[in-house]
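Descriptive structure summary
Take a look at the letters that make up each chain.
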Amino acid sequence: MGTPKAALEWHGSTLLRRTVGILARATGGPVVVVRASGQDLPGLPPGTVVVDDPREGKGPVQGIAAGLTELHGQAETAFVTSTDLPFLHPAFVSRVLTALGAPGAGPDVALPVARGYQQPLAAAYRTGLAELAERLVKEDRLRPAFLFAECAVTRLDDAALLTDPVLAARDPDLDSVLNVNTPDDYRAARRRPAPEVTVRLFGALVKAGRPASPRAVRAATVAAAADAVGLLFDRHVTAALNGDQITRDPSIPLAAGDTVFFMSADAGG
Amino acid sequence: MPAGGYFGRALVVDAADGSATALPLSDKVLRGYLGGAGLGTWLLHRLGPPGADPLAPAAALAFVFSPLVGTPLTTSAKFAVVAKSPLTGLLTDALASSQFAIAGKLTGYDAIVVTGRAARPSVLLIDGDGARLQDAAGLAGLTAAEADEKLRERLGRGWRVAAIGPAGERGVRYATISHDGRHAGRGGLGAVMGAKNLKAVAVRAATKVSPADPAAVLAAARDLRERSFGPATAKYRELGTLANLLAFNAISALPTRNFQAATFDGAERLGADHGDESPAGAPAGAADSGGSAPANPRELRRVARSSCASCTIGCEHIYRVGGGRKARVEYENVFALGPMCGVAEPDAVLAASARCDDLGLDTISAGGTIAWAMECAQRGLIDAPWLRFGDAGALLRALDEIGAMSTPLGSLLAQGSRAASRAVGGGSDAFAPHVKGLEMPGYEPRTLPAMALGLAVNARGADHNRSGAYEADLSGDLDRAGGGAAHVMAAIETEDRAAVMDSMILCKFLRGVFTDPFTEWAGLLSAVTGWDVTGDELRATARRIVLAKRVYNLREGWRPADDWLPARLLEEPLTLASGREARLTPARLRAMIDGYYKERGLDLDGRPVARITDDLGLA
């Protein structure tokens, strides 16, 4: 495609920035980016951990091993994804992670079988699998199937995934797993509109020309949502996503069904 | 020769006979404690007898001014009232803005401290002729506003009055002191004044005070005034603090039905936001004043805006109350008398707020105590089946019974939720909404974890003005469902900023205009006083003031267990709109408190080590 996938633009963001943001939103935990040694990456939010893949060209299990190794000890479970899923939804991430269950009690891997295919790069893993994955790479058994053969895997088909009402409402076609492999894929992805989100302004941010009532807009980032209602997202403004996470970061990605509350940064007495 | 902006002395008045003496205040004391809440703390250490009952004659009641009062600096016409609180038994300091601050300071003193008890209901007069008592005949039972009006008619031009309402006269432990419609509200200072048999204190300017560098002060005042018109104060100017209500409701930070929830289904009726049809800056609902259909779909009716003395922000938004009356409305009184009590009728909430003003009651403590009582009634712990969440009539009846202390229930609730829960028992202390006896403001600790720490450790008790840690929670820099070292540092930073702003004194609504606050405040203080103050020095001053309050509280019986939150907040999680659970566990709160103690240089129990106490200059 002429440009590394990580740097491909999608509605004002890069695929990597979007993926990192979606994972951070869904997990609340650390996000690790595994890259080829020395690879240039587009801008990432503060706190993102970048690790170099020690052995290039070894395929997905090597990347999984590097990421799980970095997270082992910090987190019990991890969602592993490639960077080319522009429609990945936080609700999909949450649904898959939930399938792992409590520490020590559930399976080792929650593997979606969505839209007819296994999705090892949109799956949840226990970080304790890092050692097994490392061994498989050393043995040159590089396909995810080798990993799944040696641990407990729960498979989630479309119906199982869509038992989650939030996911069913916001990503009913499981577009979360649509990836961008070819220039045509990328062009098709770009033709699709930004996610529909609901914006509401509070307090003094409501001015002439800006709505006081909730308004549906198309926006892939917080900045785009602000722009859609004529609001400058500067230091005097904060955004609350779905009544929860508060941010001043305009590049935070939005997903279908999100609600964005814009408030004065000096909220409080 | 005192520093610019100061007289270098306090007037100490014995209310028993009106006699007064001047207490010299050295430059070291003034530079170390500035004025307002800081200097008031020093004065309480010096003049408040250890262990004295707050309502005993010996207790000290200090009206403390600041070096900035009387300058053209915006928001500087403020003063602090400081005393041992009858609600908490610890230090309380309440700030307010009005011409009383200017007239009081220009009596020629940096503070007026009242001890003793008048033999009969009296008014304390202070002007260039000194202090004297006047019989309060005809003032008993009047609202503070009525007493103010009557006294100014009686005394003539130039007098400014701080008065108490019926609740202060009767000793309600969260009674206020009021002046020009503003209130020194928290901690029961009105009860302290009432216990001294003083219906009012009246002051009249008698002299002048000059800043060290008038030209620099004037230039700073112009600059600050310009900045006060900018976006950092837009919320206060355009909607007032009531703008918080809908935003807090949206992020599950609006305490509801005695902290049983953090969102209120009636919030939309009580919010102040502009309606879609309102023109920018126009008072919402103004078109409804003639009885036509409202332009704003919300029901509160804002009719005017005004400012405190010497203020260019203009945060006071005046609403129409029933019976043709108007009332100032703030987020805290709507929160406490609305969602906290489950009341969604705008007219009822405004009426309750006006009733608190008339009686002279702190709205936060009144609402919190009544909300606790409503839950007790719901659980069958008190025999008051009429006292139900959401019942506006019950709310008003409870306020009247408290203000009059006319029934056993009114007398019980007049003690505040901590004392009342001890009397009622039945586990009701677990949901009594207070810290150290002071009822909680409208900030949900389970979804605002830095604020949870600020509320727990603050000297005054559950307080949003001495700890503004909610700013950090709402900044986007911290995890609202977390709580760690970053939350600790944020709580300390906001506590330090408040200590300086409350002592210089500048209104905290101005805080957003400063980009390097301690340095900028040092510049203002230097221009007024002539001292070469630095930002680092002011940071040390802030820490000194915070610790001096803690040392005072230790002297008056503070225990480590007092730095804590109500059990409900640590045992009952909330679910955010996103579905995520917000849980504030005892272990997480403990860890944040331990971190706070360590950063403040306190021991594991929260006591200052001897070296720190020696450095406070309190001896």
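The paragraphs below set out a description of the structure included in this document. Numbering of residues begins from 1 in every chain and follows the order in which that chain's sequence is written. All chains are assigned letters beginning at A, and all ligands numbers beginning at 1, according to the order in which they are written. Residues qualify for local features only when their pLDDT is at least 70, as the model is predicted, and side-chain atom pairs are given and counted only at 80 or more; totals for whole chains, interfaces and linings, by contrast, use all residues. Excluded from the side-chain calculation are hydrogens and water; included are all heavy atoms of the structure.

**Notes on the overall build of chain A**
Across its full length, chain A carries 9 helices and 14 strands. As a reference, a globule follows 2.2 Å times the number of residues to the power 0.38, and the radius of gyration itself is taken over C-alpha atoms. A compact globule built from 269 residues should have a C-alpha radius of gyration of about 18 Å, and chain A, at 19 Å, falls within 12% of that. Across its three principal axes, chain A shows a C-alpha extent of roughly 65 × 40 × 40 Å. Classification of the 269 residues of chain A by burial places 51% in the buried group. Only heavy atoms enter the contact rule, under which two residues are in contact if any of them lie within 4.5 Å. By sequence separation, contacts in chain A at least 24 residues apart represent 62% of the contacts at least 6 residues apart. The Shrake-Rupley method, run with a 1.4 Å probe sphere, supplies the accessible areas, and residue values consider only the shown protein chains as cover. Element-wise, carbon and sulfur atoms account for 51% of the exposed surface of chain A, whose accessible area totals about 11100 Å². A residue counts as positive if it is Lys or Arg and as negative if it is Asp or Glu; His and the chain ends are not included. Positions of charges follow a simple convention, taking NZ of Lys, CZ of Arg, CG of Asp or CD of Glu. Across chain A, the 27 positively charged side chains and the 29 negatively charged ones have centroids separated by 4 Å. Numbered from the N terminus, helices here are DSSP runs of H or I no shorter than four residues, and strands are runs of E no shorter than two. Partly exposed residues are those whose accessible area sits between 20% and 50% of the maximum for their type, while under 20% is buried and over 50% is exposed, using a 1.4 Å probe and protein chains only.

**Here we look at the sheet that holds strand E6 (residues 111-115) of chain B**
Residue and element names in this part refer to chain B. With respect to topology, 6 strands assemble into an open sheet ordered E2-E1-E6-E3-E4-E5, the strand pairing being mixed. Looking at strand neighbours, the two that pair on one side only are strand E2 (19-24) and strand E5 (91-97), the edges of this open sheet. Neighbour-to-neighbour, the strand axes of the sheet open up by a mean angle of 20°, direction not taken into account. Where strand E3 (residues 61-64) meets strand E4 (residues 78-84), 4 bridges bridge the pair, whose relative direction is antiparallel. Counted as the bridge partner of Val64 is Ala80 from E4. Lines fitted to the C-alpha atoms define the axes, with helices restricted to the stretch that makes contact. Angles between their N-to-C directions range from 0 to 180 degrees. The sheet contacts of helix H2 (residues 36-47) involve strand E1 (9-14), E2, E3, E4, E5 and E6, and relative to E4 the element is tilted by about 30°. Strands qualify as paired when DSSP identifies two bridges or more between them.

**Let's talk about the pairing of strand E12 (residues 237-241) of chain A**
If a strand is regular, its side chains alternate between the two faces of the sheet. All names here are of chain A. Of all 5 residues that make up E12, 5 are buried, and the element is covered over most of its length. The side-chain alternation of E12 yields two buried faces, one formed by Val237, Ala239 and Leu241 and the other by Thr238 and Ala240. Both E12 and strand E14 (residues 259-264) contribute to a ladder of 5 bridges, which runs antiparallel. Its bridge partner lying in E14, Thr238 is registered against Met263. When E12 meets strand E13 (residues 245-247), the two strands line up antiparallel, connected through 3 bridges. Of the residues in E13, the one forming a bridge with Ala239 is Thr247. Between E12 and E13, which pair antiparallel in sequence order, lie 3 residues; one of them, Asn242, sits at a positive phi of approximately 55°.

**Comments concerning helix H21 (residues 535-555) of chain B**
Here the expected span of a helix is defined as 1.5 Å times the quantity of residues minus one. When the terminal C-alpha atoms of H21 of chain B are compared, their 30 Å separation across 21 residues agrees well with the 30 Å that a helix rising 1.5 Å per residue should span. Phi turns positive one or two residues past the end of H21 of chain B, at Gly557 of chain B, with a value near 110°.

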